[in-house]
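The residues making up each chain are set out below.
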Amino acid sequence: MTSPPATLAGHYAIEREVGRGGMAVVYLAHDIRHDRKVALKALHREIGAVLGTDRFLREIRLAARLNHPHIVPLHDSGEFDGILYYVMPFIEGPTLRDYVAKRGRLPIDESIKIATQVASALDYAHRLGVVHRDIKPENIMVHEGEALVTDFGIAKAVMSSAAVPGAGLTATGIAIGTPAYMSPEQAAGEPDLDARSDQYSLACVLYEMLTGTPPFTGESAQALISKRFKERPSSVRVTVATISDTVSSAVDRALSLEVEDRFPTVADFAAQLLRKSRAETASEDKPSIAVLPFSNMSADPENEFFSDGVTEEIINSLSKVQGLEVVSRRSAFAYKGKDLDMREIGRQLGVRHLLEGTVRRAGTKLRVTTELIDVETGYHRWSERFDRELADIFAIQDEIAAAIVKALRVVLTAREEVAIKAARSRNVRAYEYYLRGRQLFNSFRRDAFEAAEDNFRRAIALDPNYALAYTGLADVSSCRHLFFTGAEEAVEQADAASQRAVELEPEMAEAHAARGLALSCRNRMTEADTELRKAMELDPDLFEGPYYYARHQLMLGNKELAAEYFDKAASLREDDFQAAALGASVYGGLGRNDDMLRLARRAVAAAERAVAADPGDTRALYLGAQWLSRIGREDLAEEWANRAVEIDPNDLGMLYNLACMHALAGRKERSLQLLQRAVDIGWNRPEWARQDADLASLRDDPRFIAMVEKMEQKGSDAYADPGS
């Protein structure tokens, strides 16, 4: 548009341009009549020409009725020399766009505060029949810590005057609404938008405040619009693991593709954001901490596993303290090797304190340095250097955990004092083998399982009374049987190792969990049930207890109970994708679709974090692919599935789960191909194939029937779980 005159309409003296957008230019002006600064927005002439003065004034008159603490009021509007304009107070403060650009990703509480203030303004306007239609960071001001919404009624005026089908375009060819924040129905050009369109846009803004990026990105407006019809954005928890399920699920729902799937009102959305579960309410005043990976300062890079083991041991010890919120291992280890400011890491993880340290090892000498940092102030709360013998590593870990508990003024129960001291070997070399074995076991690959088994055996050879090493050997043997070979020798080894672990440490929850899984693999279901219940009784917060118990109940056909315990296990380990994925599958079979989607989204988010941390994590790839496919993200599902097959084409669990994925998507040929390969290399569960609802589309196919009959002729393995 051409520049406006120096004085507009006789009493607005234009001082300078302060902003420019798709619909208007914003000027700082002086209101001569009232002697005050104002923001004057002048519509582009081409928009004004299509809109017309009468329609513009009619729509702007509706906006002028709005009077709310979080809405920038409308002072005046009119037409002068062919320019349509409206006038608002000049707000001394940045737009939310500038505010986020300067500060980076906002803390969770601040993001929710801003979102709920905007929601309050929108709910008020919606109840008066006014839909904003262009909620975006540029239309939200931040003034003295409060959010103020601008530009009510303008998008409606333009859109109603000359709407044509296709991506919210008017006859002028200018998009009404902003592609990164448009609801799908607005992007489709639907003229009769309701309040739930604003809800979707607000969810996009909140998503960006929480994660640092909008839910959809693309090189063009068309690419952005296309994505929102084909894909679901990743959960906010993919980027910020400390965001609660309550907030994450609220954002997911508000971003639903279908209008009917969103909250009935934006007030309901805000209420869900602010709602606390009993667990969240109980923990909101707890001290919070992330233990960052200790740096290996030793000359030998092979000692990396040792420094990682020290970190993990401290995380495990602190996690047993009910009065302390501890970030999970996977979330903390995502920052390994990253040169970021401590305050930024703390803000991203949503914690008040960080523990960092170094480990230097030379022969039998050991130096461990630690610092406990207050994220808010940047000050050290506690620091220490330990110059000891290598054999003192266990005492050092206990002293660090005790010092943190003391520094954060957490009171331990007698049970917690015992629990934070794990049943360790007295042999440091055995301990090292155990640490390396667990590290390999967690990577969940065939070659890693074999190496893990070797390390657990070495630990036991050095210390025949090392109970944790026996639990490691039992778990890796059970999982090798379940997911890779189906071999009987593996489950026999799991049986013997778990029995020895229980004999050595009858009050160790990990030993009873390993024992329960091994017995379940041997089809000794009553004994398995007893052991798994004992594990949960000894340590209600041990993930393996409810996770193994859920698998056990699923094999017994108790689907309601299996779903309940998969759900519980998922709540205990926020970064584990397995329990959430399996729980979602069981909920789906039970017809509990809301619960299925809740856990499915959690599984996908956790799998995405796992793959980002380890691109070779085949289990994350194939379980993630299955649920990516089921929530409509087919392109990424196919990519992950192909990567999993490429990494290990003989992984039984992978073959079976991808067969299920393709069967559910209607790709029978690919499903049968994968299932046949699984059968050919050792999978032998005819009863599982007959009952699994995921394979229902294959039941009448002669090739599927022949596969099942072939397995039945071979004789069913007692418990060769396909790795679901």
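Everything here concerns the structure above.
Let me begin by describing the structure that accompanies this report. (Residues numbered from 1 in each chain as written. Predicted model: local features only at pLDDT ≥ 70, side-chain atom pairs only at ≥ 80, totals over all residues. Heavy atoms only, no water.)

**With respect to the packing of aromatic side chains**
In this structure the tally under the stated criterion is ten aromatic pairs. Their ring planes at 70 degrees and their centres at 6.2 Å tell us that Tyr 12 and Tyr 85 sit as a pair that is edge-to-face. With a gap of 73 residues between them, Tyr 12 in strand β2 (residues 12-20) and Tyr 85 in strand β6 (residues 83-89) connect regions that are remote in the sequence. For the ring pair Phe 263 and Phe 269, a centre distance of 5.6 Å and an interplane angle of 25 degrees mean the geometry is stacked. An identical accessibility class is assigned to Phe 263 and Phe 269; each is buried. Ring-pair connections join several aromatic residues into one group, and the members of that group are Phe 543, Tyr 547, Tyr 548 and Phe 566. Here the basic side chain of Arg 253 rests over the ring of Phe 263, its NZ or CZ set 4.3 Å away from the ring centre. For the cation-ring pair, Arg 361 lies above Phe 306, with the distance from its terminal atom to the ring centre recorded as 4.9 Å. (Phe/Tyr/Trp six-rings, centres within 6.5 Å; stacked < 30°, edge-to-face > 60°. Helix = DSSP H or I, 4+ residues; strand = E, 2+ residues; numbered from the N terminus. Buried < 20%, exposed > 50% of the residue type's maximum accessible area, 1.4 Å probe, protein only. Lys NZ or Arg CZ within 6 Å of the ring centre and 35° of its normal.)

**A word on the nonpolar core**
Judged by nonpolar contacts, the single largest core of 137 residues is most densely connected at Phe 306, Leu 355, Ile 400, Phe 566, Leu 675 and Trp 683. Of all the elements, helix α19 (residues 467-485) adds the most residues to this core, at eleven residues. Residues contacting Phe 306, with those up to four places away along its chain left out, are Val 359, Arg 361, Leu 366, Leu 390, Ile 393, Tyr 431, Glu 432 and Leu 435. Grouped together as the second largest cluster of nonpolar side chains are 49 residues, Leu 66, Ala 115, Phe 216 and Ala 270 included. (Core = buried A, V, L, I, M, F, W, Y, C linked by side-chain atoms within 4.5 Å. Contact = heavy atoms within 4.5 Å.)

**Concerning the pattern of salt bridges**
Summed over all chains, the structure comprises 44 salt bridges. Note that Asp 31 is salt-bridged to Arg 36, the shortest N-O span being 3.0 Å. Relative accessible area serves as the criterion here: at 32%, Arg 36 is assigned to the partly exposed category. A salt bridge links Arg 522 to Asp 495, with the nearest nitrogen and oxygen atoms 3.1 Å apart. Of this pair, Arg 522 sits in the loop between α21 (509-521) and α22 (525-538) while Asp 495 sits in helix α20 (residues 488-504), and the two are 27 residues apart along the sequence. Assessed through its relative accessible area of 8%, Asp 495 is described here as buried. Overlapping salt bridges bring together Glu 492, Asp 495, Arg 515, Arg 522, Arg 524 and Glu 527 as one network. (Salt bridge = Lys/Arg side-chain N within 4 Å of Asp/Glu carboxyl O.)

**A word on empty space enclosed by the protein**
Within the structure shown, the criterion is met by three cavities of 30 Å³ or more. Of the volumes computed, that of the largest cavity is approximately 90 Å³. Lining the largest cavity we find twelve residues, and of these Ala 63, Val 72, Leu 74, Asp 151 and Phe 152 sit closest to its centre. Secondary-structure elements contributing two or more residues to the lining of the largest cavity are α2 (53-64) and β6. Residues that form the lining of the largest cavity fall into these classes: eleven nonpolar, no polar and one charged. Here the second largest cavity defines a volume of roughly 60 Å³. Contributing to the lining of the second largest cavity are Arg 232, Pro 233, Ser 234, Ser 235, Asp 252, Arg 601, Val 604, Ile 631 and Arg 633. Taken together, the residues that form the lining of the second largest cavity break down as three nonpolar, two polar and four charged. (1 Å grid on protein atoms, 1.4 Å probe; cavity = no way out; pocket = protein on both sides within 12 Å on 5 of 7 lines; lining within 4 Å. Points joined across faces, edges and corners; volume = space filled by probe spheres on them. Nonpolar A, V, L, I, M, F, W, Y, C, P; charged D, E, K, R; others polar.)

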